[in-house]
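Notes for the structure review
Listed here are the chains, written in short residue letters.
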Amino acid sequence: MIENNKQTVVALVENKPGVLNRVASLFRRRNFNVDSLTVGRTHKPYISRMTIVVDAARVDGRRIAANLFKLVNVIDVKLVSEEPYVSRDLALIKVRTDDADSRNAVTLICERYPARIVDIGTKVAIIEITAQEDIVEALINELEPIGIVEMVRTGVVAMGRGVRILDVDADYEPSIVSSQENGNYQAYSV
Amino acid sequence: MLLTGAEIVMECLIREGVEVMFGYPGGAILPVYDAMTKYPQLRHVLVRHEQGAAHMADGYARATGKVGVAIATSGPGATNLVTGIGTAMLDSSPIVCITGQVTRGAIGSDAFQEIDITGITLPITKHNYLVNDTRELAYIIREAFHIARTGRPGPVLVDIPKDVQNEKVEFEYPEGPIRLPGYRPPSAADDDQLAAALELIKQAKKPIILAGHGILMSGASNELRELSERAQIPVTLTLLGKGAMPENHPLCVGMMGMHGAAACNYAIQEADLLIALGMRFDDRVTGNLKTYSPNSRKIHVDIDPSEINKNVKVDVGIAGDVRTVMGQLLTKLPAKQHAEWIARIRDWQEDGDERDILHYESEGKLYGAQVINDLWKYTGGDAVTVSDVGQHQMLEAQYYPHQRPATMLTSGGLGTMGFGLPAAIGAKFGKPDEEVWAIVGDGGFQMTMAELATAMQEGVKVNIVILNNAFLGMVRQWQEFFYEERYQATPMFNPDFIKLAEAYGIPAMRVTRRDQIEESVRFARSHETTVLIEYVIEKEEIVYPMVPAGADLHNMLRRPKPGEKQS
Ligand SMILES: Cc1ncc(C[n+]2csc(CCOP(=O)(O)OP(=O)(O)O)c2C)c(N)n1
Ligand SMILES: [Mg+2]
């Protein structure tokens, strides 16, 4: 249900310093309100991939896509939520489990979710869940009464279903590979 | 060939066809300045403030369509460019700014004159670079020019650490296509879009064209004229679109928007089809978006896909080069007639003419409108004019009709006071054979008048027209209309502009009567150097019509007809 008024944009970007800064600056400048933004590497060394989730009631995903596309370092943009797609959010949730009741409750709840307990002690347990965002939310709601003490989420990543493949030209590589990894200077922010 | 980074910069500029660079030296850019001594074919123009350098590069670019180049040192030199870069960004003007930066090792240490200029200019450049690796320098400069001039043009900044400028590396100019996988400006329309646009044009009874800066930048004036004539569609121009269609053409209605011709605004509001070509529905041309052209279908052609449906939702949005797309449309465009509609627009125009201040008794006063009108007359309407920002700018737009592209330069999007004089100097470098007139207000002139020295040192001739109303006139007008005439901080103490000019060795003349205007043009033409003419005009002139900010486009404040009472 939450998914319905959300739009998900995926961008392939050059894996260069400063690119995340450019994207963040664009959102700030255009006053685009973003629910979540994740960045990570891909199977191509020069390409990173961003997933951006926005609330469609507040900003049109197509406008975001059109503006992202203008950035020179953004190679391709797609509004994946226009067609069938898979999306996942990952959360680590630390809950209080300092008595038998709470330990039992946590175990039972986790069985009903694509979640597992990855660390458990006499005081707290860490639960890991990887699922669609609304399912993660549901788990969090159930754990709330037991006592969440710490939580972290990665933000949503998404991919279109089927054979529609978002990729760059096979032969793409930068004109010259910079020597920044020398490590003697760090010029760009982010 | 082993070259320093600084020499590589020069080699690349030469290959980009650069003739002139506008700049100001300082510690972090000294290697580049030193390299200039080995490349005398690249002319350097020493400005008096880096803002002037950016505006000159911008003026040069607008006058020629080529990329203008500005150079500054790190820190304060770079920050002084910022207003000029913003001006170029908002008006899509292709400039490349080269700034010095502290050495790579010192970056991030708050070193002397270190400033994060790529961070500062990130939102006001089309793209920018901090050069980390001297071997990348040639690629980056080539990309910078390519990005600046193609697609929707704009400013690009290249920040070069001093040790990169000094470092010697093997130089081989990169040949072959530029590899920018994420940079793919659109070009042509697809068949469905064309068919949809043509269908709307066929159905329309009251169509109107809105022609903008994009027409000039893509060189589509001929296509515009042909489209307009064949389908008998009247043309309105944005401020930056002036020159896109000869203004004496019977189908050219004039300028639209806040201070546009009333006929244009009425026509836009009543039209049943808007054909927006290379313009972006700025709030200064739309007024209240909720009531904007309520009964029209809309076609929008712009090279920037993010402009389509940004401010105004359209029926057919085509992201493409406006010249290419118009060429496509013309292959199938049928001839049409809209005699009734054109007659209706003509009525509005006649009404507007009657209200023209030129028809008023001037009672010994000298009006800015008269000055511009007479300058137009005595320069044969064929000068390159570069205006500053304010009432005089709008008067220029209203009373100096232009017949050719790239003959009217002004800061439209950012509305940067201080643009006029330096941009005129830049324009003159680009068009040495044309007569260039800078038309400025007493306020804006004083923001960049230091460039008078640049004009004299470089021996460049521009004719400077100061419309001196001893007011920040446009702000005063708003205070008169909307703040009950409380003239807070708008009356101006001014220097004696004639003496000021003399201090620079600039011939100058003061005009206080209309019958001196012809002579003032002769005076300007009689000197080889830059001249300055001050026109002491009526202090409280008003620029009509005016769409108050945010008001409906048709709800203009109009000047009453002679004999009529102000409503
Ligand atoms: C750098 C800058 N500061 C402030 C303004 C706001 N502003 C717009 S028009 C204007 C008055 C301009 O006065 P002047 O140059 O004398 O021209 P006039 O309107 O009198 O013809 C001002 C202050 C601006 N456009 N640019
Ligand atoms: Mg003034």
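Residue numbers run consecutively from 1 along every chain, following the written order of its sequence. Ligands are numbered from 1 and chains lettered from A, in the order in which they are written. In keeping with the predicted nature of the model, local features appear solely for residues at pLDDT of at least 70, side-chain atom pairs appear and are counted solely at 80 or more, and the whole-chain, interface and lining totals rest on all residues. Processing note: side-chain calculations cover all non-hydrogen atoms of the structure and skip hydrogens and water entirely.

Turning our eyes to something else, we now look at the overall build of chain B. Secondary structure is summarised from DSSP: a helix means a run of H or I of at least four residues, a strand means a run of E of at least two, and numbering begins at the N terminus for each. Summing up its helical and strand segments, chain B has 22 helices and 20 strands in all. In terms of overall size, chain B behaves like a compact globule, its C-alpha atoms giving a radius of gyration of 24 Å where 567 residues would be expected to give roughly 24 Å. Counting only C-alpha atoms, chain B reaches 75 × 65 × 40 Å along its principal axes. Summary of the burial criterion: residues with accessible area below 20% of their type's maximum are buried, those above 50% are exposed, and those between are partly exposed, where the area comes from a 1.4 Å probe applied to protein chains only. Classification of the 567 residues of chain B by burial places 62% in the buried group. The contact criterion used throughout is that any non-hydrogen atoms of two residues lie within 4.5 Å. The contacts in chain B between residues at least 6 apart in sequence include a share of 75% that link residues at least 24 apart. All accessible-area figures derive from a Shrake-Rupley calculation using a 1.4 Å probe, and residue coverage is judged against the displayed protein chains alone. Roughly 20900 Å² of accessible area belongs to chain B as shown, and the carbon and sulfur atoms make up 50% of that amount. Computed over 54 positive and 71 negative side-chain charges, the inter-centroid distance for chain B is 3 Å. Radius of gyration means the value over C-alpha atoms here, while the globule rule gives 2.2 Å times the residue count to the 0.38 power. We count Lys and Arg on the positive side and Asp and Glu on the negative side, and we leave His and both chain ends out. Taken as the charge centre is NZ of Lys, CZ of Arg, CG of Asp or CD of Glu, depending on the residue.

The subject of this paragraph is the packing of aromatic side chains. Residue and element names in this part refer to chain B. Classification of ring pairs rests on two measures: the distance between centres of Phe, Tyr or Trp rings, Trp counted by its six-membered ring, which must be within 6.5 Å, and the angle between planes, read as stacked under 30 degrees, edge-to-face over 60 and tilted in between. Taken as a whole, this structure holds twelve aromatic pairs over all chains when the rule is applied. On the basis of an interplanar angle of 70 degrees and a centroid distance of 5.7 Å, the ring pair of Phe445 and Phe497 is categorised as edge-to-face. Taken together, the residues span a long stretch of sequence, with Phe445 in helix α18 (residues 442-448) and Phe497 in helix α21 (residues 497-503) at a distance of 52 residues. Relative accessible area serves as the criterion here: at 1%, Phe445 is assigned to the buried category. With relative accessibility at 0%, the residue Phe497 sits in the buried group. In this structure an aromatic cluster arises from ring pairing among Trp478, Phe481, Phe482 and Tyr544. The criterion for a charge sitting over a ring is simple: Lys NZ or Arg CZ within 6 Å of the ring centre, and within 35 degrees of the ring normal. Positioned over the ring face of Phe471 is Arg476, at 5.7 Å from the centre of the ring.

Moving on, we get to unusual backbone geometry. Both trends apply: most residues other than glycine have a negative phi, and most peptide bonds are in trans. Residue and element names in this part refer to chain B. Here the bond from Tyr544 into Pro545 is cis, since omega is -10 degrees, no more than 30 degrees from zero. Although it is not a glycine, Ser92 adopts a positive phi angle of roughly 50 degrees. As for its placement among the helices and strands, Ser92 is situated in the loop between α4 (76-90) and β5 (95-101). With a phi close to 60 degrees, Ala489 is a non-glycine residue in the positive phi region. Looking at the secondary structure, you find Ala489 in the loop between α20 (473-482) and α21.

Turning next to the site of ligand 1. Residues and elements named next belong to chain B. Ligand 1 sits among 17 residues. The nearest are Gln391, His392, Gly415, Gly444 and Gly473. Contact distances for ligand 1 include 2.8 Å between an oxygen atom and a side-chain N or O atom of Asp442. Between ligand 1 and Met474, the relevant distance is 2.9 Å, taken from an oxygen atom to a main-chain nitrogen or oxygen of the residue. Protein chains bury 76% of the 590 Å² of accessible surface belonging to ligand 1 in isolation. To be near a molecule or strand, a residue needs just one of its heavy atoms within 4 Å of it. N or O atoms closer than or at 3.5 Å make up a polar contact, with two conditions inside protein: a donor-capable atom paired with an acceptor-capable one, and, for residues adjacent in sequence, both atoms drawn from side chains.

What follows is about the side chain of B:Ser93. All names here are of chain B. Mapping Ser93 onto the fold places it in the loop between α4 and β5. The exposure class of Ser93 is buried, given its relative accessible area of 1%. One polar contact links Ser93 to Asp58, side chain to side chain, over a distance of 2.6 Å. Ser93 has contacts with Asp58, Ala61, Arg62, Ala88, Pro153, Gly154 and Pro155, leaving out every residue within four places of it along the chain.

To continue, consider the domain arrangement of chain B. All names here are of chain B. Bear in mind that the domain bounds are from an automatic or database domain assignment. Each domain of chain B was delimited in the assignment, giving domain 1 (2-170), domain 2 (191-351) and domain 3 (360-536). Using C-alpha coordinates to define each centre, domain 1 is positioned 37 Å away from domain 2. Taken together, the contact pairs seven residues of domain 1 with seven residues of domain 2. The term buried area means the drop in 1.4 Å probe accessible area that two parts suffer when joined, counted for both and summed. Buried area between domain 1 and domain 2, summed over both chains or domains, comes out near 580 Å², and the portion from carbon and sulfur atoms is 57%. By the criterion of area lost to domain 2, the three top residues of domain 1 are Leu90, Asp91 and Arg152, representing 66% of everything that side buries. The salt bridge partner of Glu307 is Arg152, with a shortest N-O separation of 2.8 Å. Linking domain 1 to domain 2 there are three residue pairs in polar contact (both at pLDDT 80 or more). Residue polarity follows a fixed list, in which Ala, Val, Leu, Ile, Met, Phe, Trp, Tyr, Cys and Pro are nonpolar, Asp, Glu, Lys and Arg are charged, and the others, Gly among them, are polar. Here the side of domain 1 that touches domain 2 is built from residues that sort into two nonpolar, two polar and three charged. Salt bridges are defined by distance alone: a side-chain nitrogen of Lys or Arg within 4 Å of a carboxyl oxygen of Asp or Glu.

All names here are of chain B. Counted as donors are N, O and S atoms no farther than 2.8 Å from the metal, or 3.2 Å for Na, K and Ca; water is not among the atoms, and sites may therefore look incomplete. Taken together, Asp442 (OD), Asn469 (OD1) and Phe471 (O) make up the full set of protein donors to the magnesium ion (ligand 2), lying 2.0 to 2.1 Å away. Within one chain, the residues donating to the magnesium ion (ligand 2) are spaced in sequence as D-x26-N-x1-F. With Asp442 in helix α18 and Phe471 in the loop between β18 (463-468) and α20, this residue pair connects regions lying 29 residues apart in the sequence. Residue class for Asp442 comes out buried when judged on its relative accessible area of 1%. Assessed through its relative accessible area of 8%, Phe471 is described here as buried.

Once that is clear, we can look at the confidence of the model for chain B. A residue's pLDDT is simply how confident the predictor is in it, with values from 0 to 100. When pLDDT is averaged along chain B, the result is 97; 100% of the residues meet or exceed 70. Under the prediction, the complex receives an ipTM of 0.89, its pTM being 0.95.

This brings us to the side chain of B:Asp91. One can find B:Asp91 in the loop between α4 and β5. The contact partners of B:Asp91, leaving out residues within four places of it in the chain, are B:Arg62, B:His213, B:Leu240, B:Thr410, B:Ser411, B:Gly412, B:Gly413 and B:Leu414.

Turning our eyes to something else, we now look at helix α1 (residues 19-29) of chain A. Restricting attention to buried positions, one finds in α1(A) the residues A:Val19, A:Arg22, A:Val23, A:Ser25, A:Leu26 and A:Phe27. Where α1(A) is buried, its residues contact β1 (6-14), β2 (34-41), β3 (47-55) and α2 (61-70) of chain A together with β6 (127-130) of chain B. Phi turns positive, to about 60 degrees, at A:Asn31, one or two residues after α1(A).

The nonpolar side chains of soluble globular proteins are, as a tendency, buried together. Residues and elements named next belong to chain B. Throughout this description, the term nonpolar core refers to a set of buried Ala, Val, Leu, Ile, Met, Phe, Trp, Tyr and Cys residues connected via side-chain atoms within 4.5 Å. Judged by nonpolar contacts, the single largest core of 50 residues is most densely connected at Phe22, Val386, Ile425, Phe429, Phe445, Ile464 and Leu532. Considering every element that reaches this core, the biggest residue donor is helix α3 (residues 50-64), with seven residues. Shared between two domains, this core holds at least three residues of each, these being domain 1 (2-170) and domain 3 (360-536). Excluding residues within four positions of it along the chain, Phe445 makes contact with Leu421, Val440, Leu452, Ile464, Ile466, Phe497, Leu500 and Leu532. Core analysis: the next-biggest nonpolar cluster, separate from the first, contains 41 residues, Val9, Tyr129, Ile141 and Leu180 among them.

Residue and element names in this part refer to chain B. Position of Thr286 among the secondary structure elements: in helix α12 (residues 283-286). Residues Thr286 and Asp552, 266 residues apart in the sequence, show an inter-C-alpha distance of 8.0 Å. Setting aside its immediate chain neighbours within four residues, Thr286 contacts Phe281, Tyr292, Val312 and Leu553.

With that settled, consider the packing of helix α10 (residues 221-231) of chain B against helix α13 (residues 322-332) of chain B. All names here are of chain B. Axis lines are fitted to C-alpha atoms, over the contacting stretch for helices. Their N-to-C directions set the angle, which ranges from 0 to 180 degrees. At their nearest, the axes of α10 and α13 sit 10 Å apart, and the two run at 30 degrees to each other. Here α10 runs over α13; the crossing is left-handed. Contacts from Glu223, Leu224, Glu226, Leu227 and Arg230 of α10 reach α13 at Arg323, Met326, Gly327, Leu329 and Leu330. The class makeup of the residues in the contact of α10 with α13 is five nonpolar, one polar and four charged. In this scheme the handedness of a crossing depends on how the near helix is turned from the far one: anticlockwise by less than a right angle means left-handed, clockwise means right-handed.

For side chains bearing opposite charge, pairing can occur when the charged atoms are close. With the rule as written, the count across this model stands at 52 salt bridges over all chains. The salt bridge partner of B:Asp315 is B:Arg297, with a shortest N-O separation of 3.5 Å. Here B:Asp315 is found in the loop between β13 (297-302) and β14 (316-319), whereas its partner B:Arg297 is found in strand β13, with 18 residues between them in sequence. Classification of B:Asp315 as partly exposed rests on a relative accessible area of 43%. Put simply, A:Lys6, A:Asp35, A:Asp55, A:Arg58 and A:Glu133 are held in one network by salt bridges that share partners.

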